[in-house]
Amino acid sequence: MNGAADMGGMHGFGPVQVEPNEAVFHADWERRIFALNNAAGASGAWTLDAFRQTRESIPPPEYLSLSYYALWVVSLENLMIEHGLATAEEIAAGRSLGPANPVATKASAAAIARMIARGTPYDRPPPGLAKFKTGDRVRAKNMHPKTHTRLPRYVRGHVGVIARVDGCHVFPDSNAIGRGDDPHWLYTVRFDGRELWGENSDPTASVSLAAWEPYLEPL
Amino acid sequence: MQLRVRALETILTEKGYVDPAALDLLIETYEKKIGPRNGARVVAKAWVDPLYRRWLFEDGAAAVGSLGYGGNKSEHLIALENTPAVHNIVVCTLCSCYPWSLLGLPPLWYKSAPYRSRAVADPRGVLLEFGVDLPKNVEICVWDSTSEIRYLVVPMRPAATDGWREECLADLVTRESMIGTGLPKQVDEVAR
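Residues numbered from 1 in each chain as written. Chains lettered and ligands numbered in written order. Predicted model: local features only at pLDDT ≥ 70, side-chain atom pairs only at ≥ 80, totals over all residues. Heavy atoms only, no water.

We now examine the overall build of chain B. Scanning chain B for helices and strands turns up 11 helices and four strands. With the C-alpha coordinates aligned to their principal axes, the bounding extent of chain B is approximately 60 × 35 × 35 Å. When burial is assessed residue by residue, chain B has 62% of its 192 residues classed as buried. Of all intrachain contacts in chain B linking residues separated by at least 6 positions in sequence, the fraction that spans at least 24 positions is 67%. As displayed, chain B offers around 7,200 Å² of accessible surface, 53% of which is attributable to carbon and sulfur atoms. Between the mean site of the 22 positive side-chain charges and the mean site of the 24 negative ones, chain B shows a separation of 2 Å. (Helix = DSSP H or I, 4+ residues; strand = E, 2+ residues; numbered from the N terminus. Buried < 20%, exposed > 50% of the residue type's maximum accessible area, 1.4 Å probe, protein only. Contact = heavy atoms within 4.5 Å. Areas by Shrake-Rupley, 256 points an atom, 1.4 Å probe, with all protein chains shown as cover. Lys, Arg positive; Asp, Glu negative; His and termini not counted. Charge placed at Lys NZ, Arg CZ, Asp CG, Glu CD.)

The next point concerns the side chain of Ser74(B). All names here are of chain B. Within the secondary structure, Ser74 is located in the loop between α5 (60–65) and β1 (76–81). Looking at Ser74, its side chain comes within polar contact range of the side chain of Ser101, at 2.7 Å. If sequence neighbours within four positions are ignored, Ser74 has contacts with Ala61, Pro99, Trp100, Ser101, Leu102 and Arg150. (Polar contact = N/O pair within 3.5 Å; in protein donor to acceptor, adjacent residues only side chain to side chain.)

Here Arg124(B) is to be found in helix α9 (residues 123–129). For Arg124(B), a relative accessible area of 15% corresponds to the buried category. Within the structure, the side chain of Arg124(B) is placed 2.9 Å from the side chain of Asp202(A), a separation counted as a polar contact. Non-local contacts of Arg124(B), meaning those with residues more than four positions away in its chain, are made with Asp202(A), Thr204(A), Leu134(B), Pro135(B), Lys136(B), Val138(B) and Ile140(B).

Residue and element names in this part refer to chain A. One way to put it is that helix α1 (residues 28–42) packs onto helix α4 (residues 68–82) with a least axis distance of 10 Å and a crossing angle of 45°. Considering their axes alone, α1 and α4 lie oblique with respect to each other. For the pair α1 and α4, the sense of crossing is left-handed. Along the contact surface, α1 presents Trp29, Glu30, Ile33, Phe34, Leu36, Asn37, Asn38 and Ala40, while α4 presents Tyr69, Ala70, Trp72, Val73 and Leu76. (Axes fitted to C-alpha atoms, helices over the stretch in contact; angles between N-to-C directions. Parallel < 35°, antiparallel > 145°, perpendicular 65-115°, else oblique. Left-handed = near helix turned anticlockwise from the far one by under 90°.)

Further remarks concern the interface of chain A and chain B. By a widespread convention, an interface's size corresponds to the accessible area lost as its parts come together. Chain A puts 90 residues into the contact, and the matching count from chain B is 73 residues. Applying the counting criterion to the chain A and chain B interface returns seven salt bridges. One salt bridge connects Glu31(B) with Arg31(A), and the closest N-O pair in it is separated by 2.8 Å. The interface formed by chain A and chain B contains 32 residue pairs in polar contact (both at pLDDT 80 or more). Among the secondary structure elements, those contributing two or more residues to the side of chain A that touches chain B are α1, α2 (48–56), α4, α5 (88–93), α6 (109–118), β2 (159–169), β3 (184–192) and β4 (205–212) of chain A. Across the side of chain A that touches chain B, the residue classes break down as 49 nonpolar, 22 polar and 19 charged. In terms of strand pairing, β4(A) meets strand β3 (residues 139–144) of chain B through five bridges, oriented parallel. What sits directly across from Ala205(A), in β3(B), is Ile140(B). (Salt bridge = Lys/Arg side-chain N within 4 Å of Asp/Glu carboxyl O. Nonpolar A, V, L, I, M, F, W, Y, C, P; charged D, E, K, R; others polar. Pairing = 2+ DSSP bridges.)

On to the sheet that holds β2(A). Across the sheet, seven strands lie side by side as β5(A)-β1(A)-β2(A)-β3(A)-β4(A)-β3(B)-β2(B); this open sheet has mixed pairing. Two strands close off the open sheet at either side, each with one partner strand: β5 (216–218) of chain A together with β2 (86–91) of chain B. Here the strands of the sheet are splayed against their neighbours by 35° on average, with no regard to which way each runs. In this structure, β2(B) lies alongside β3(B), joined through six bridges in parallel fashion. Paired with His87(B) across the two strands is Ile140(B), which belongs to β3(B).

Burial analysis of α2(A) places eight of its nine residues in the buried class, which makes it a mostly covered element. Residues of α2(A) that are buried include every one of Asp49(A), Ala50(A), Phe51(A), Arg52(A), Gln53(A), Thr54(A), Arg55(A) and Glu56(A), and no others. If you follow the buried residues of α2(A), they end up packed against α1, α3 (60–65), α4 and α7 (172–175) of chain A together with β4 (149–154) of chain B.

Turning our eyes to something else, we now look at the pairing of β2(B). Of all six residues in β2(B), six are buried; the element is thus mostly enclosed. Because side chains alternate across β2(B), one face comprises the buried residues Val86(B), Asn88(B) and Val90(B), and the other comprises His87(B), Ile89(B) and Val91(B), equally buried.

With that settled, consider the environment of Ile140(B). Along the chain, Ile140(B) turns up in strand β3. Each C-alpha atom, one on Ile140(B) and one on Met1(B), is 40 Å from the other, the two residues being 139 residues apart in sequence. Apart from the residues lying within four places of it in its own chain, the contact partners of Ile140(B) are Thr204(A), Ala205(A), Ser206(A), His87(B), Ile89(B), Pro123(B), Arg124(B), Leu127(B) and Leu134(B).

Glancing now at the packing of aromatic side chains. One pass over the structure, following the stated rule, counts 23 aromatic pairs over all chains. Plain terms: the ring middles of Phe25(A) and Phe34(A) are 5.5 Å apart, the flat faces sit at 50° to each other, and that makes the pair tilted. The exposure class assigned to Phe25(A) is buried, which follows from its relative accessible area of 4%. Summarising the aromatic geometry, the rings of Trp143(B) and Tyr151(B) are spaced 5.3 Å apart at their centres and angled 45° between planes, so their arrangement reads as tilted. Of the two residues, Trp143(B) and Tyr151(B), both sit in the buried class. The ring of Tyr52(B) carries the charged tip of Lys45(B) above its face, separated from the ring centre by 5.5 Å. Across the ring face of Trp100(B), the terminal group of Lys73(B) is positioned such that the distance to the ring centre comes to 5.1 Å. (Phe/Tyr/Trp six-rings, centres within 6.5 Å; stacked < 30°, edge-to-face > 60°. Lys NZ or Arg CZ within 6 Å of the ring centre and 35° of its normal.)

So this is what it looks like as structure tokens:
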């Protein structure tokens, strides 16, 4: 979606501010929301891509006014309501008012320990042959889905070169909206800086990103 | 926010969706145990061991996994080689994707609008804000983390470190040098 999260190329946010000797968390509630989101996500009630879609769906004025972990708080509230883990009344009351919804499975400490150690791989067996090979020129589609996508606005419509074939991965655009893994070939596409940012931009810069096959068209 | 988060925690634990022990484990792991020291050990090994270095660039996830630094949020990993001619820098314009098992959780600046908006469009300007002034002829490759592939920049080994042990070399490897917004410490910046 064309939301506030898709920031590449925007102006006006000022210089990068680096906090010296920064702590991992800046308040106790940040610790808790970090853990709650990860544990709730591991229960299987929603996917990582659904979490991203929910966060990106926060209206731009609100998104831009909230801190990073405050966005997680709003997202978790919205996800719990959307997926039937809690009602808006329960969230307002701050406690459980009814029975648990049996769709979610409890993520035990042992399951979380396994997730931390092994991760959650996103590669899948290919459904068919890859359409592109290294060196092919491709155009990122001019597409504007209203749901989650991982093709940033700043590359849409621009021409790049396939730099690597990265295997076949879960397709976020489908996974975010409950359509399952729907695996597609994934490629590293390299764009010249000038192709993206115009003739006055740095001639020595390029941007590479991973793009799924449905994002690309042959030239 | 404190009250809102407490409300969510109460509901999730009362209904049995999350295990309080799982919450403690997540916080303990990512606040205390996993941090940029993991990535620094990988880089130091790549500096001294040419076979490991080749493996790291060919199959990043397997190479870091062999040292026990694989897993959550580094399942798919591409290591990026900095050379005198090429400098790599990593961003996630869409949010905050970052190789947790190698670098821990990302710092605020990595997740901030100024970095996310400008790293792709003006990488040299952003690098200057970090005090990195690269020669004009160095090619700058920006990597936007749009998939579950994570990136680890392998910076160039500092001069005058011949014969150094891996443990000492790892002390030169900063978090920023593995994101590409910094360079490793030089020999005169550390007490041996």
